[in-house]
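Architecture and fold: a report
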Amino acid sequence: MSPTAPTGGPSTVVPGAEPFALAGGPAGAGTGVLLVHGFTGSPFSMRPWGEHLAAEGFAVRAPLLPGHGTRWQDCNLSTEQDWVDAVTGAFDELRAECDRVVVAGLSMGGTLAIRLAELRPDDVAALVLVNPSLLTERLDAKLLPLLARLTPSWKAIANDIKKPGVDERAYAKLPTRAVLGLRRLWTATRADLARVTAPLLVFRSVTDHVVEPASVRVLLAGVTSTDTTEVLLEDSYHVATLDNDAPEIFGQSVAWLRERFPAPGAGS
């Protein structure tokens, strides 16, 4: 039997990793925000941000990506198309409830947000990204195709968080075969960056042990958006939505969105 094959019935979602939806209010002016978590993570890493956005009046939805939030073996059975389809489905559900939808993502969630903006440029109102990934410069990544054939897992990339005592509850192992899907997603997304025209706000941690600065450089050089903003996070590592700079992400994202999508009667 393959070491990645599940045993027994369907895997159970671990507590805290569940998808969530939060109702908005008048202050959000009909704007929904789709939050997309990162590779081997879950909506747990997006929950505080989602609660802040909902408190500010935005409707929020955070799907659980296929193969995530259960056990790492499940991730090896998912493909990049499964992830794109899940994000697209959640986007359409939220768009049916709101005047417009902004897509926000962390790490691979940022990649998927960008991909959706490429595939649906007329539908995605804006992008808000935190340490999005589009490539890796790690030398050992060249060995990944071989590793994926030899072993289903590798050392984890979880919990790159500067703030003491914080656990993002991601997988304790890196599913190597799923990483190949992530690499294919990177390739497709980089090829179509010029299709991104939506306003773009990107937060980048100055110290990030998972995603190198080159990803954001490639992103900003490749999109055709005329409204782009980069914000540097000085006191957080990769999972910045749970780190010291989380309040900055939450507050600045709300202010940025309200500048572009003001509530009816605002400023009158």
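Residue numbers restart at each chain and count upward from 1, following the sequence in its written direction. Residue-level local features of this predicted model are given only where pLDDT is at least 70; pairs of side-chain atoms are given and counted only at 80 or more, and the full residue set underlies all totals for whole chains, interfaces and linings. Here the side-chain values reflect all heavy atoms present in the structure, with hydrogen atoms and water set aside.

1. Description of the pairing of strand E4 (residues 100-106)
Within E4, six of the seven residues are buried, which leaves the element mostly enclosed by the surrounding structure. Across six bridges, strand E2 (residues 31-36) lies against E4 in parallel orientation. Note that in E4 the partner of Val 36 across the bridge is Gly 105. A pair of strands is labelled paired if DSSP reports no fewer than 2 bridges between them. Only DSSP runs of H or I with at least four residues qualify as helices, and only runs of E with at least two residues qualify as strands; both kinds are numbered from the N terminus onward. Of the pairings in the sheet, the one linking E4 to strand E5 (residues 124-130) comprises six bridges and is parallel in character. Among the inter-strand pairings, Val 101 is bridged to a residue of E5, identified as Val 124. Remark: exposure states derive from per-residue accessible area (1.4 Å probe, protein chains only) relative to the maximum for the residue type, with buried under 20%, exposed over 50%, and partly exposed in between.

2. Thoughts on the confidence of the model for the protein
If pLDDT is low for a region, its predicted coordinates should not be looked at in detail. Predictor confidence is given residue by residue as pLDDT, running from a minimum of 0 to a maximum of 100. For the protein, per-residue confidence averages 91 on the pLDDT scale, and residues scoring 70 or more make up 90% of the total. Across residues 1-8 the pLDDT falls below 50, and counting only partners more than four positions away or on other chains, this stretch makes 14 contacts in the model. Any two residues whose heavy atoms approach within 4.5 Å at even a single point are treated as in contact.

3. Comments concerning the packing of aromatic side chains
Aromatic rings from Phe, Tyr and Trp, with only the six-membered ring used for Trp, were paired whenever their centres fell within 6.5 Å, and each pair was classed as stacked if the ring planes differed by under 30 degrees, edge-to-face if by over 60, and tilted otherwise. According to the stated counting rule, one finds two aromatic pairs in the structure shown. Here Phe 39 and Trp 83 contribute two aromatic rings whose centre-to-centre distance is 6.0 Å and whose plane-to-plane angle is 65 degrees, an arrangement assigned as edge-to-face. Here Trp 83 lies in helix H3 (residues 80-95) and Phe 39 lies in the loop between E2 and helix H1 (47-55), a separation of 44 residues in the sequence. The pair formed by Phe 39 and Trp 83 is uniform in burial state, with each residue classed as buried. Here the aromatic rings of Trp 49 and Phe 250 are separated by 6.4 Å at their centres, their planes lie at 15 degrees, and the arrangement is stacked. Within this pair, whereas Trp 49 is found in helix H1, its partner Phe 250 is found in helix H8 (residues 246-260), the two being separated by 201 residues in sequence. Classification of Trp 49 as buried rests on a relative accessible area of 1%. Phe 250 gets classed as buried once you look at its relative accessible area, which sits at 10%. The positively charged end of Arg 47 is found above the aromatic ring belonging to Phe 20, 4.5 Å away from the centroid. The rule for a charge over a ring is simple: NZ of Lys or CZ of Arg within 6 Å of the ring centre, and within 35 degrees of the ring normal.

4. Some words on the packing of H3 against helix H6 (residues 176-191)
Orientation is described by lines fitted to C-alpha atoms, with helices fitted over the stretch in contact, and by angles between N-to-C directions that extend from 0 to 180 degrees. Look at H3 against H6: their axes get within 8 Å of each other, and the N-to-C directions meet at 65 degrees. Comparing the axis directions of H3 and H6 gives the class roughly perpendicular. For the pair H3 and H6, contact is made by Glu 80, Trp 83 and Val 84 and by Ala 178, Gly 181, Leu 182, Arg 184 and Leu 185, respectively. Here the word oblique covers every angle except those under 35 degrees (roughly parallel), over 145 (roughly antiparallel) and from 65 to 115 (roughly perpendicular).

5. Some words on the nonpolar core
In terms of nonpolar packing, the biggest core is built from 41 residues, with Leu 34, Phe 39, Trp 83, Val 103, Leu 112 and Leu 127 touching the most fellow members. If sequence neighbours within four positions are ignored, Trp 83 has contacts with Phe 39, Leu 65, Pro 66, His 68, Cys 75, Ser 78, Met 108, Leu 112, Ala 178, Gly 181 and Leu 182. Core analysis: the next-biggest nonpolar cluster, separate from the first, contains 34 residues, Leu 35, Ile 161, Phe 203 and Ala 240 among them. Nonpolar core, defined: a set of buried Ala, Val, Leu, Ile, Met, Phe, Trp, Tyr and Cys residues in which side-chain atoms within 4.5 Å join the residues together.

6. Details of helix H4 (residues 108-119)
For a helix, the expected span equals 1.5 Å multiplied by the residue count minus one. With 12 residues, H4 extends 16 Å between its outermost C-alpha atoms, agreeing within 8% with the 16 Å of an ideal straight helix rising 1.5 Å per residue. Of all the positions in H4, only Met 108, Gly 109, Gly 110, Thr 111, Leu 112, Ala 113, Ile 114, Arg 115, Leu 116, Ala 117 and Glu 118 are classed as buried. Where H4 is buried, its residues contact E2, H3, E4, E5, H6 and helix H7 (214-222).

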